[in-house]
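# Close look at the chain arrangement
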Amino acid sequence: MIKEQFEQLTEVEIIDRILNGEKPLYEIIVRRFNSYLYKIGRSYNYNHEDTQDLMQDTYIDAFKCLTQFKHGSSFKTWIIRIMLNNCYRKKMKFSFKKETVNEIINENVMPMFNNSNNDVQKEIFSHELGKIIEASLLRIPEEYRMVFSLREINGLNVAETSSLLDISEANVKVRLNRAKAMLRTEIEKTYSPEELFEFNLCYCNPFTERVMKKIHEL
C-alpha cells in the first residue's frame, strides 16, 4: 500500500509523477475514486460484479490516456466521463429522451442532502440499509436516477452533469427536481447519500490490488 505521505498530493501532482515513471502512485488514484465510480455503475443498474469490471476498465482506460488529461480541468469529471462512456457502451444505449422545460424549478431549494463530507468514508455500513436505499433508487427511471447520482451522490455541479450526460443544464435541473420528488418521502427521513451504493472497505483493498496488478502488466 502506498505510504500515507503521498495521499496528500493533488491529482495533478500524482499524474505528473506517474507520467515521470512512478507507476505505483496510480494506486492513490484508484483508492481515491473507487467510491465515486462504484456509485456510477450501481446507479446505472449494473450489479456489484459488473460494476467492478467497469471500474477496472475505466481505471485502465484512464491510465492509458493520462497524457490526454488537461490539467486545467477536473480529474474527477474526466474519470467519471470515462466510466459513463463504458457504462453506455455496455448497454449500447447512448441517448436520453429530452424533457420539455416547462415546469417551475425552485433554484433556492436546499440540497436534498448535505454532501460536504464526500471524502470522509465511513468504515462500518449497514447492509440492510444499503439494500433498502438501492432498491428505492433503482425504481426511479434511469434518466432521473443518473442525474440524481451525479448531482446528489457524487457531488458534481449542474454544468458538469450537463456535460457528462449530454443534456442541457435546464434538463439537469428538471430531472433532479423530479428525482427528488420521487425519492424525498422514502429516503430523506433517515438516510444520507454516503450510504447509497457505498463501495465498502472490505471490497476496496482486493479490488485495488486487482487493478494495480493489471496496471503493472501494461
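Residues numbered from 1 in each chain as written. Predicted model: local features only at pLDDT ≥ 70, side-chain atom pairs only at ≥ 80, totals over all residues. Heavy atoms only, no water.

Heads up, the condition is: UniProt positions are given in the numbering used here, feature names are shortened, and annotations may be inferred rather than shown by experiment.
As recorded by an unreviewed UniProt entry, the chain carries the name RNA polymerase sigma-70 factor, ECF subfamily and is attributed to Sphingobacterium mizutaii NBRC 14946 = DSM 11724. Quoted verbatim from the Sequence similarities (unreviewed entry) field of UniProt, the annotation for the chain is "Belongs to the sigma-70 factor family. ECF subfamily."

### Focus on the environment of Ser-163
How we decide: Put simply, DSSP H or I for four residues or longer makes a helix, DSSP E for two residues or longer makes a strand, and each gets a number counted from the N terminus.
Here Ser-163 is to be found in helix H7 (residues 158-165). Along the sequence, Ser-163 and Arg-81 sit 82 residues apart, while their C-alpha atoms lie 8.9 Å from each other.

### So, the packing of aromatic side chains
Just so we agree on the cut-off: When the centres of two rings from Phe, Tyr and Trp lie within 6.5 Å, Trp using its six-membered ring, the rings pair. Their planes under 30 degrees apart give stacked, over 60 give edge-to-face, and anything left gives tilted. A 1.4 Å probe rolled over the protein chains alone gives each residue an accessible area, and that area as a share of the maximum for its type sets the label: buried under 20%, exposed over 50%, partly exposed in between.
For the structure on display, the rule yields ten aromatic pairs. Measuring from centroid to centroid gives 5.9 Å for Phe-33 and Tyr-36, while their planes differ by 45°, and the two rings are tilted. In this pair, Phe-33 and Tyr-36 are both assigned in helix H2 (residues 26-43), three residues apart and thus about one turn of the helix distant. When sorted by exposure, Phe-33 lands in the same class as Tyr-36, which is buried.

### Overview of helix H4 (residues 75-91)
Side chains of residues three or four places apart in an α-helix project in the same direction, reflecting 3.6 residues per turn. This is how it is decided: Helix span, expected: 1.5 Å multiplied by one less than the number of residues in the helix. Whenever two N or O atoms come within 3.5 Å, that pair is a polar contact, provided that in protein one can donate a hydrogen and the other can accept it, and provided that, for residues adjacent in sequence, both atoms are side-chain atoms.
Here H4 is 17 residues long and its end C-alpha atoms lie 25 Å apart, about the 24 Å a rise of 1.5 Å per residue gives. Across the 17 residues that make up H4, a large majority, twelve, are buried. Listing the buried residues of H4 in full gives Phe-75, Lys-76, Thr-77, Trp-78, Ile-79, Ile-80, Ile-82, Met-83, Leu-84, Asn-86, Cys-87 and Tyr-88. Between the side-chain oxygen at the start of H4 and the backbone nitrogen of Lys-76 there is a gap of 3.4 Å, and the oxygen is on Ser-74. Positioned one or two residues after H4, Met-92 has a phi angle of 55°, which is positive.

### Structural notes on H2
For H2, built from 18 residues, the straight-helix expectation of 26 Å at 1.5 Å per residue is met to within 8% by its first-to-last C-alpha distance of 25 Å. Most of H2 sits out of view: 16 of its 18 residues are buried.

### Regarding unusual backbone geometry
The bulk of non-glycine residues show a negative phi, and the bulk of peptide bonds are trans. Backbone geometry places Asn-45, a non-glycine residue, at a positive phi of 80°. Phi at Asp-166 is positive, roughly 60°, even though this residue is not glycine. Checked against the element boundaries, Asp-166 lands in the loop between H7 and helix H8 (169-188).

### Re the environment of Val-211
To be explicit about the condition: Only heavy atoms enter the contact rule, under which two residues are in contact if any of them lie within 4.5 Å.
Locating Val-211 in the fold gives a position in helix H9 (residues 201-217). For the pair Val-211 and Gln-52, spaced 159 residues apart in sequence, the C-alpha to C-alpha distance is 9.9 Å. Ignoring any residue separated from it by four or fewer positions in sequence, one finds Val-211 in contact with Val-30, Gln-56 and Tyr-59.

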